[in-house]
Amino acid sequence: MTSTHTLEVRGLQVRVNDGGKSLPLLKAIDLTIEKGQVLGLVGESGSGKSITCSAILQLLNRRGLEVEGSVRLNGRQLTKLPNREIRMIRGREIGTIMQNPMNAFTPVYTVGSQFVETLRTHSKLSKMQARAQAAASLAEVGLSEPARVMKSYPHQLSGGMLQRVMIAISMCLQPALVIADEPTTALDSVNQLQVLRQLDKLRTEYGTSILLVSHDLGVIARMADTVAVMKAGEIVEHADVHDLFDRPQHDYTRMLLQARLRGRKDA
Ligand SMILES: Nc1ncnc2c1ncn2[C@@H]1O[C@H](COP(=O)(O)OP(=O)(O)OP(=O)(O)O)[C@@H](O)[C@H]1O
């Protein structure tokens, strides 16, 4: 059977062993994302959004959590792959953009050397070719002084700049899927807008599918094609973005939307 989805998650369960008792963190969730589409994942704090991202990235088994179910990327089952293969898939086929981009970089190497190293790990580019591509890509994401950015250490750049470096890496590697977990939460509104624009470019120009986690329903309304709503480790509603905002089916979704309206009035 051939899959038309970039990402297809079926019956994904995560359980934690707590003093001999096995407690569910994710309760058999299903998700799909089509090529070039953005799936927004929303839900209150602790509902399981980050666990979902980590489970898709195959990062949980080694943390002593029990994981079951199926995760397919362009039809290929990721759950049974050896670590070496998964490490190559992370970066090359699945890019990540996280809330705190500082964690994605090693503090003691320049941003340029880490960018070049990442490109060379996943391609056959020479050092010079990789440097040229990295600089061009930094300019493409709107960083006006690529040479300075390349020479900087991570702590010398702002969060918004580092987020855009992460996006620039994805633009070079053109992964099938980017997982963006609260990518704009730590940014001011100008940087937020720039990062969202670049994420949008990633999907329109490169056909990248994006799993976008955000507690900000304004960001979701602007970016997502479909939305999945999580509550206590379950997907309670998965709908087209317009249907979700116009005709929410689940009480919990209605509550999230009302909380947003209240937040706007209070602001
Ligand atoms: N390694 C772990 N072991 C045990 N429980 C965990 C582990 N990681 C997360 N949890 C629990 O799983 C639940 C879901 O956490 P998760 O971080 O996915 O929530 P979230 O929806 O991303 O929240 P937030 O919006 O605050 O980031 C929480 O109750 C959390 O305490």
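Look a little higher up for the structure.
Presented here is an overview of the structure given in this document. Note that the coordinates shown come from a computational prediction; the quantities given were computed from them, not determined experimentally. (Residues numbered from 1 in each chain as written. Predicted model: local features only at pLDDT ≥ 70, side-chain atom pairs only at ≥ 80, totals over all residues.)

Let's talk about the sheet that holds strand β4 (residues 66-73)
- In space, the four strands of this open sheet follow the order β2-β1-β4-β5, with antiparallel pairing throughout. Each having just a single partner strand, β2 (21-34) and β5 (76-77) make up the two edges of the open sheet.
- Direction of pairing for β4 relative to β5: antiparallel, over a ladder of two bridges. Within the sheet, the bridge partner assigned to R72 lies in β5 and is Q77.
- Relative to the sheet, helix α1 (residues 49-56) contacts β1 (5-18), β2 and β4, its axis offset from that of β2 by approximately 70°. (Pairing = 2+ DSSP bridges. Helix = DSSP H or I, 4+ residues; strand = E, 2+ residues; numbered from the N terminus. Contact = placed C-beta atoms within 7 Å. Axes fitted to C-alpha atoms, helices over the stretch in contact; angles between N-to-C directions.)

As for the sheet that holds strand β8 (residues 209-213)
- Ordered in space as β6-β7-β8-β3-β9-β10, the six strands form an open sheet in which the pairing is mixed. The sheet is open, and its two edges are formed by β6 (94-98) and β10 (234-240), each paired on a single side. The sheet shows a mean angle of 15° between the axes of neighbouring strands, taken without regard to direction.
- Note: strand β3 (residues 38-42) against strand β9 (residues 226-231), four bridges, orientation parallel.

Some thoughts on the pairing of β4
- Bridge analysis of β1 against β4 gives seven bridges, and the strand direction is antiparallel. By the bridge assignment, V9 is partnered in β4 with V71.

Details of the site of the ligand
- As a structural note, the neighbourhood of the ligand is formed by 13 residues, with V16, S45, K49, S50 and I51 the closest of them.
- It is α1 that contributes the most residues to the shell around the ligand, three residues altogether.
- Across the shell around the ligand, the residue classes break down as four nonpolar, seven polar and two charged. (Near = placed C-beta within 6 Å. Nonpolar A, V, L, I, M, F, W, Y, C, P; charged D, E, K, R; others polar.)

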